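A structural walkthrough
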Amino acid sequence: MTNLSQLHIERLKYQPKLPESLSGGINSLEMLTGNVTQSVRDQEQIKGLFPNTYGKPEITFKKTPDVKSTPQVNVGVILSGGQAPGGHNVIAGLFDALKSANPNNKLYGFLGGPSGIIEGKYVEITEEFIHDYRNTGGFDIIGSGRTKLETEEQFQSSWNVCKNLNISAVVIIGGDDSNTNAALLAEWFVKNNADIQVIGCPKTIDGDLKNEQIEISFGFDTATKTYAELIGNIERDANSAKKYWHFVKIMGRSASHVALEAALQTQPNITLISEEVEQKSMSLDSIISYMTDIISRRASMGKNFGIAVIPEGLIEFIPEMKSMISNLNDIMAELEKSGELQNASSMNDKFSLVESRLSSENANVYSSLPSLIKSQLLADRDPHGNVQVSKIETEKLLIEMITERLAKMKSEGTYSGKFSAQSHFFGYEGRCAFPSNFDADYCYSLGYNAFALISFGLTGYLSSVRNLTESADKWIAGGIPLTMMMNMEKRHGEWKPVIQKALVDLNGNVFKKLEDNREDWAMNDRYLFPGAIQYFGPSSVCDRTTVTLQLERAKTPIGV
Ligand code: FBP
């Protein structure tokens, strides 16, 4: 590799930290078996769908002085879904664990996401190959994809590919949807006596793959630190020029964890939380009123500037929008099947077609939106049936509606300020940043631990590393049965087993911190400027994880 930045060169040299239990290597581990588990909800249905992998115990590992030897194995690895900082380190940890257990072990990386295992596209990962990717962001080592692994044919061809490569274990690095697929594949392999283990690793910058057992998904720490740096910079710009309102939409497809964490790190004037909008049944109109009130009160103090943070998924949580989008999803599936949507000659024809099929209430909501948003709502769904909220410019919608509202207030004599807005969308900027020390260590440990689970013959487990607000040596490594996190949800009109997404807990410490401070942050400029991620320096600064995790763990400490 040539032309590397000094930071890149330094990060390649970084040695990620491991929990003490894993530090003796794979051959010096003892497995401690906990109680049998059950799924978070819908136990009977989940048990019926996963008869072979349901109810397994939680696992933790302990270092032992007895050294065992492990037979030679070949392992495959898949990166699935959206990029998240640290994916390369999961693979590096897996690779180092596998080679330390037996130098003849081989690691194959499936290319381009789950489609790689179906189509047999792979590369063998060697020390030379992986070296340049250690502690770097991105998923470019083998690429990623969003193919949904779910059909009998896909499972069968995955098995054939694994047989050809003599692969006896597959590690799937992904979010809730990808780990649901991992659970399905694990069950299918056991049912068909394929003798192939499947282990998942919790990834997503969105931070919504977490629960009692999984404290955080990897990538959330680095991505939120990156967005906080950018928001802090914008706050300083706004506070210098004092002439713009900046509307920052921030990634996180469903849950608002990313927006909340970035807000706690930077203290902007307005932070919307989708979960609160839904709980309080706030209409789009009432959101506009809430924001306009702050903007006009600040204007009356002579402050015609500010920063508003808006979660990417907001639109789907506004009750009237949620109902309209769900109706829209159904009719779009029908219109696409019949070819009518593709055949419509202009955008306006598409709008009319859609409006004629929506219920009258939903058609009213849809037709009230600006054309830009209407067309963005017609963009393709992702393979899991999700609306691609990253393509919907909610920040622009809010600016447009607030501008109109303020003009009306001005004409009525209730507002006399100036409103000039800039819109931003932060998402892709943070997904491939150099992983923070926390993510570099956490990911390496998750990958290393994934091979520990493999070496004990487990399948249908998620690699778990806990106690993460302590120093890395005190982290607890183990495994959680994937079925433990599942419940039944309606997808594409059918009930499916899926890993439950964690939304922002409106009764929790983290949201409360925002709630307690937001009036002060709205009116008084309490901006924080965290600056760039700190990779070097005292561990208390550069290894520290998110405010979210610290507040959550402060409430629910687990015994070590
Ligand atoms: P994952 O759930 O796969 O981790 O991806 C999350 C995410 O980064 C969302 O925040 C965002 O809405 C989405 O991916 C964007 O998807 P794409 O990369 O396909 O544009």
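Our structure is the block above this text.
Right, let's walk through the structure included here.

Taken as a whole and judged by the stated rule, the model has 30 salt bridges. With a closest N to O distance of 2.5 Å, Glu-278 and Lys-322 form a salt bridge. With Glu-278 in helix H10 (residues 274–279) and Lys-322 in helix H12 (residues 319–338), the pair connects residues that are 44 residues apart, well separated along the chain. Classification of Glu-278 by relative accessible area gives partly exposed; the value is 27%. Overall, Lys-322 belongs to the partly exposed group, its relative accessible area being 42%. In this structure, a network of salt bridges that share partners links the residues Lys-17, Asp-441 and Asp-543.

Glancing now at the sheet that holds strand E5 (residues 122–125). Overall, mixed pairing links the nine strands, which are arranged E1-E2-E13-E12-E7-E6-E3-E4-E5 in an open sheet. The open sheet has two free edges, formed respectively by strand E1 (29–36) and E5, since each of these has just one partner strand. Averaged over all pairs of adjacent strands, the angle between their axes in this sheet comes to 25°, without regard to strand direction. The strands touched by helix H7 (residues 176–191) are strand E6 (167–174), strand E7 (197–202) and strand E12 (461–466); relative to E7, the strand with the most contacts, the crossing angle is about 170°. Sheet contacts for helix H19 (residues 437–455): E1, strand E2 (57–63), strand E3 (74–79), E6, E7, E12 and strand E13 (476–481); angle to E12, the most-contacted strand, approximately 135°.

Moving on, we come to unusual backbone geometry. One non-glycine residue, Asp-195, lies in positive phi territory at about 60°. With respect to the secondary-structure elements, Asp-195 resides in the loop between H7 and E7. We note that Lys-242 has phi near 50°; this positive angle belongs to a residue other than glycine. Structurally, Lys-242 is set in the loop between helix H8 (220–241) and strand E8 (245–250). Under the relative-accessibility criterion, Lys-242 is labelled partly exposed at 44%.

What follows covers empty space enclosed by the protein. Under the criterion given, the structure shown has two cavities of 30 Å³ or more. Taken as a whole, the largest cavity holds about 50 Å³ of empty space. Forming the boundary of the largest cavity are Gly-207, Lys-210, Glu-215, Ile-216, Ser-217, Phe-220, His-257, Thr-546, Thr-548, Leu-549 and Glu-552. Ranked by the residues each element gives to the lining of the largest cavity, the list is headed by helix H22 (residues 547–555), at three residues.

Bringing the site of the ligand into the picture now. Around the ligand there are 14 residues in total, and Gly-82, Thr-204, Asp-206, Tyr-428 and Arg-431 lie nearest to it. Backbone polar atom of Gly-82 to an oxygen atom of the ligand: 2.8 Å apart, as the coordinates give it. Taking Arg-146, its side chain carries an N or O atom lying 2.9 Å from an oxygen atom of the ligand. Taken by itself the ligand offers 480 Å² of open surface, and the protein chains cover 86% of this. When the residues that make up the shell around the ligand are grouped by side-chain class, the tally is three nonpolar, five polar and six charged.

What follows concerns helix H20 (residues 509–523). Given 3.6 residues per helical turn, the α-helix brings residues three or four places apart onto the same face. The terminal C-alpha atoms of H20 lie 23 Å apart, and with 15 residues this matches the ideal 21 Å at 1.5 Å per residue to within 8%. Remark: the principal bend of H20, roughly 50°, maps to Asn-517. Buried within H20 are the following residues: Val-510, Phe-511, Leu-514, Arg-518, Trp-521, Ala-522 and Met-523.

Turning our eyes to something else, we now look at the sheet that holds strand E9 (residues 270–271). Taken in spatial order, the four strands of this open sheet run E9-E10-E8-E11, and their pairing is parallel. Each end of this open sheet is capped by a strand with a single partner; those strands are E9 and strand E11 (421–426). The sheet contacts of H8 involve E8, strand E10 (306–311) and E11, and relative to E8 the element is tilted by about 170°.

Attention now goes to the side chain of Lys-249. Relative to the assigned elements, Lys-249 resides in strand E8. Using a relative accessible area of 1% as the deciding quantity, one classes Lys-249 as buried. A distance of 3.5 Å separates the side chain of Lys-249 from the backbone oxygen of Ser-390, its partner in a polar contact.

Moving on, we come to H19. In this model, H19 (19 residues) spans 27 Å end to end at C-alpha, consistent with the 27 Å of a helix rising 1.5 Å per residue. Burial runs high along H19: 18 of the 19 residues are buried.

Structurally, the position occupied by Leu-341 is in helix H13 (residues 340–343). Spatially, the C-alpha atoms of Leu-341 and Arg-466 are 48 Å apart, while their sequence positions differ by 125 residues. When residues no more than four places from it in sequence are discounted, the contact partners of Leu-341 are Met-332, Leu-335, Glu-336, Lys-350, Leu-353 and Val-354.

This part takes up the packing of helix H6 (residues 152–165) against H7. Packing of H6 against H7 leaves a shortest axis separation of 11 Å and a crossing angle of 70°. Relative to H7, the element H6 is oriented roughly perpendicular. Taken as a pair, H6 and H7 cross one another with a handedness that is right-handed. Where H6 approaches H7, its residues Glu-152, Phe-155, Gln-156 and Trp-159 are matched on the opposing element by Leu-184, Leu-185, Trp-188 and Phe-189. Residue composition of the contact of H6 with H7, by class: six nonpolar, one polar and one charged.

Let us now look at the packing of aromatic side chains. Taken as a whole and assessed by the stated rule, the structure comprises 15 aromatic pairs. Centroid distance Tyr-444 to Tyr-448: 6.1 Å. Interplanar angle 40°. Geometry classified as tilted. Here Tyr-448 and Tyr-444 lie together in helix H19, a separation of four residues that amounts to about one turn. These aromatic residues form a ring-pair network of at least three members: Phe-155, Trp-159, Trp-188 and Phe-189. Positioned above the aromatic ring of Trp-159, the side-chain terminus of Lys-163 is 4.2 Å from the ring centre.

What counts, and where the lines are drawn
Residues numbered from 1 in each chain as written. Predicted model: local features only at pLDDT ≥ 70, side-chain atom pairs only at ≥ 80, totals over all residues. Heavy atoms only, no water. Salt bridge = Lys/Arg side-chain N within 4 Å of Asp/Glu carboxyl O. Helix = DSSP H or I, 4+ residues; strand = E, 2+ residues; numbered from the N terminus. Buried < 20%, exposed > 50% of the residue type's maximum accessible area, 1.4 Å probe, protein only. Pairing = 2+ DSSP bridges. Axes fitted to C-alpha atoms, helices over the stretch in contact; angles between N-to-C directions. Contact = heavy atoms within 4.5 Å. 1 Å grid on protein atoms, 1.4 Å probe; cavity = no way out; pocket = protein on both sides within 12 Å on 5 of 7 lines; lining within 4 Å. Points joined across faces, edges and corners; volume = space filled by probe spheres on them. Near = heavy atom within 4 Å. Polar contact = N/O pair within 3.5 Å; in protein donor to acceptor, adjacent residues only side chain to side chain. Areas by Shrake-Rupley, 256 points an atom, 1.4 Å probe, with all protein chains shown as cover. Nonpolar A, V, L, I, M, F, W, Y, C, P; charged D, E, K, R; others polar. Expected span 1.5 Å × (residues − 1). Bend = angle between axes of the 7 residues up to and from the residue. Parallel < 35°, antiparallel > 145°, perpendicular 65-115°, else oblique. Left-handed = near helix turned anticlockwise from the far one by under 90°. Phe/Tyr/Trp six-rings, centres within 6.5 Å; stacked < 30°, edge-to-face > 60°. Lys NZ or Arg CZ within 6 Å of the ring centre and 35° of its normal.

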